[in-house]
Amino acid sequence: MKLRFRTMTAALCLLPLISACSSGGGGGDNTVASATASDTTAIKEQAVGTTPQPLTGFDAWVQRQYADTLSPINIASTNLSQSWTGANGKIADVVVQLPKTAGKATVAVSPPTAGADATPVLEAALLKLRTQGGGVLQVAPGEYHFKTLNKIDRPGIVHVMLSRLNDVDIQGTGATFIFEAKVDGFLIQDCNRLRIKGITMRDAQTLSGTGRMHVTPDGTTLQLDNPLPPGATINWVQPMNEGSHTWPLSKVRAIFNLGMAQPTDLGNRTYASSWFAPFADNQFVSIRYTYYTSRSIYIRDDVGVNNDIVLDGVHLGTSGGLAVLVRSRGRGFAIVNSTIAADPGQVFSSNYDGIHFVSAAGDVLIRNNKISHVGDDQINVRSLVHKVTNITTDGATLSNEARLISAGDEVAFFDANGVYIGKRFISAIVDSKSTDIRSYTFAPGVSIAQAAYARDMQMTPRRVAVVGNTMVDSAGRGVLIQVPNALVQNNTIRVPNTAIRLFTSYQQWQEGAGAINVRISGNTIDTGGAELGHPYQFGIITASGEVATNQVATTFQNGPVVIENNRFTAPTTSCIMLYATMTATQTGNTCGS
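Residue positions are given per chain, counting from 1 as you read along its sequence in written order. Owing to the predicted nature of the model, reporting of local features is limited to residues with pLDDT of at least 70; listing and counting of side-chain atom pairs is limited to 80 or more, with chain, interface and lining totals taken over all residues. As a convention, hydrogens and water are excluded, and side-chain values are obtained from all of the structure's heavy atoms.

(A) Spatial organisation of the nonpolar core. To form a nonpolar core, buried Ala, Val, Leu, Ile, Met, Phe, Trp, Tyr and Cys residues must be joined to one another through side-chain atoms within 4.5 Å. For each residue, the accessible area found with a 1.4 Å probe, counting protein chains only, is set against the maximum for its type, and the residue is called buried under 20%, exposed over 50%, and partly exposed in between. Core analysis: the biggest nonpolar cluster contains 75 residues, and L137, L162, I170, F177, I196, M201 and I481 have the highest contact counts within it. The element best represented in this core is helix α2 (residues 119-131), accounting for four residues. The residues contacting I481, other than those within four sequence positions of it, are V381, V464, V466, A486, V488, R501, L502 and F503. Core analysis: the next-biggest nonpolar cluster, separate from the first, contains 25 residues, Y298, V358, A402 and M459 among them. Where helices and strands are cited, they refer to DSSP runs of H or I of at least four residues and of E of at least two residues respectively, numbered from the N terminus. The contact criterion used throughout is that any non-hydrogen atoms of two residues lie within 4.5 Å.

(B) Region of the structure containing the sheet that holds strand β36 (residues 420-432). Pairing in this closed barrel of six strands is antiparallel, and the strands run β33-β34-β37-β36-β35-β38 around the ring. Along the sheet, successive strands turn relative to each other by an average axial angle of 45 degrees, direction set aside. Strands were regarded as paired on the criterion that DSSP finds at least two bridges between them. Pairing of β36 with strand β37 (residues 438-442), which is carried by five bridges, proceeds in the antiparallel orientation. Bridge pairing in β37 places S432 opposite R438. For every element, the axis is a line fit to its C-alpha atoms; helices are fit only across the contacting stretch, and the angle between N-to-C directions ranges from 0 to 180 degrees.

(C) Region of interest: unusual backbone geometry. With an omega of 0 degrees, the peptide bond between G559 and P560 qualifies as cis. Secondary-structure assignment places P560 in the loop between β47 (541-546) and β48 (561-564). You will see that R193, though not glycine, has its phi angle at about 55 degrees, which is positive. Along the polypeptide, R193 turns up in strand β14 (residues 192-197). Here R463, not a glycine, exhibits a phi torsion of approximately 60 degrees, which is positive. If you trace the backbone, R463 turns up in the loop between β38 (453-456) and β39 (464-467).

(D) Spatial organisation of the sheet that holds strand β12 (residues 175-179). Pairing is parallel across the open sheet formed by eleven strands, whose spatial order is β9-β12-β15-β25-β28-β31-β40-β43-β46-β49-β52. Every interior strand has two partners, whereas the edge strands, β9 (142-146) and β52 (590-591), have only one. Across five bridges, the pairing between β9 and β12 is parallel. Within β12, the position partnered with H145 by the bridge is I178.

(E) View of the pattern of salt bridges. A pair is scored as a salt bridge if a Lys or Arg side-chain nitrogen falls within 4 Å of a carboxyl oxygen belonging to Asp or Glu. A complete count under the given rule lists 27 salt bridges for this structure. Linking D153 and R130 is a salt bridge whose minimum nitrogen-to-oxygen distance equals 2.5 Å. Residue D153 is located in the loop between β9 and β10 (158-163), and its partner R130 is located in helix α2; the two are separated by 23 residues in the primary sequence. A cluster of three or more residues bridged by salt bridges with shared partners is formed by D376, D377, R477, R501 and E531.

Below, the structure is given as structure tokens:
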């Protein structure tokens, strides 16, 4: 069929059928469209022989991102890597180093007898590896039950603490780690060149279930298929397709955040709440028994940073929060050849996101994984936007996880419309009011008198490759890329909501650095829907930017973006919708058969 596009003030859209995605705008033919009526380049070439003029606004922000397209680590056979041609026509790459264990002793562990506590066994082995400066930890096949919490580093907060390990390769094919307390499984802190390979991990608790809604004269009730597990609560209820372990596109849900009253227990596994009113009679539903609690693997900095952390061939089957969470200032994170899928008896593999990056300095590789049954986003690579207050000539207060910001960091400032002002470097931390809000002084530089928002470049992921993954049968979105210099290539995606979302949100979510220099290529998207409940239309692939909540930005936030050779097999809405995007090229996409 003939593809149809529009170039509009607000958006470019690629449609599955001959139907308009908005009023106004003329038809287009095949290649380039921008978010303005006239074609523009993100970086304006300056004529030879003229005095170069400083770039301002979005052009300057794009130029800043182009400086970070190549990894500081060289590609070698001993590293994991991915190279591609960026949307700007220049080479970009990701490089993650593997542990260097040559000449270092191997430490072996075996499962404790009769399911005894594995915590002291593993801690002793890890301490030996730290003392000898690295090596291989050979984990024998079998079940390892972690009944108590760690006792060596920051005792009592996690099952397995991997702290200050350098050049450690944990080989555990055939080993299953079962976490029996309601805390994180692995906590990785301040490690360099660390790999976990082949281990299966799961929580011993039942963290999700199913039930059915019933409309009665007294209101709508929920009846669970099985009793609520001891200590569990009802946190999130949403429609589910009975029998197929999939979820429909729907905005109907009941969310009981922390601090809210729980549904009333009527006995016989039946619960009542006014929040159940939108559900239809006899609706089959999934229920999450946690609200962003424990993670299977949590990678975060402590007094140092993490660099070159690799998860290879791991299986994550049960998590009450996020399966993998990264909150780091370091670089080099790879998740490859791994599986996130619900274990038998569980509805969700992770009750919320599958793989979630809050921050990282760069070099993120997510390749050849299989992800399913997650409660929200399958992959979310985002970054932090900080609100700026208490501005002086050389100082300001920043919020939103400000504890991660350090002296010497490069901070990019933006005005109230999300327009880039310039950068300053932190000279000192003046006041640590909390982990979330801190005050800083800055080295001399551009005026920040008009600053409303900031981004710390040491915590803004860039150089991100999401390649060859299968992401299916989950309750939320597919891939969120909210950072520059990224590749999304040759993935298979089947989700009820938006499959690929390029996003920036100053208000409400305070995340995203812009989809700048992003290539989306060769993906197969077996889904027909997109996000509901927004005042503007979403597509199956959507790029957007919001300065004010739920309002498309009036300034550029994205671009250049290339969307090419993607196949949408059964679209029921617009295949591609782009907002606040300076330069977008689409070619070779098949929007329906």
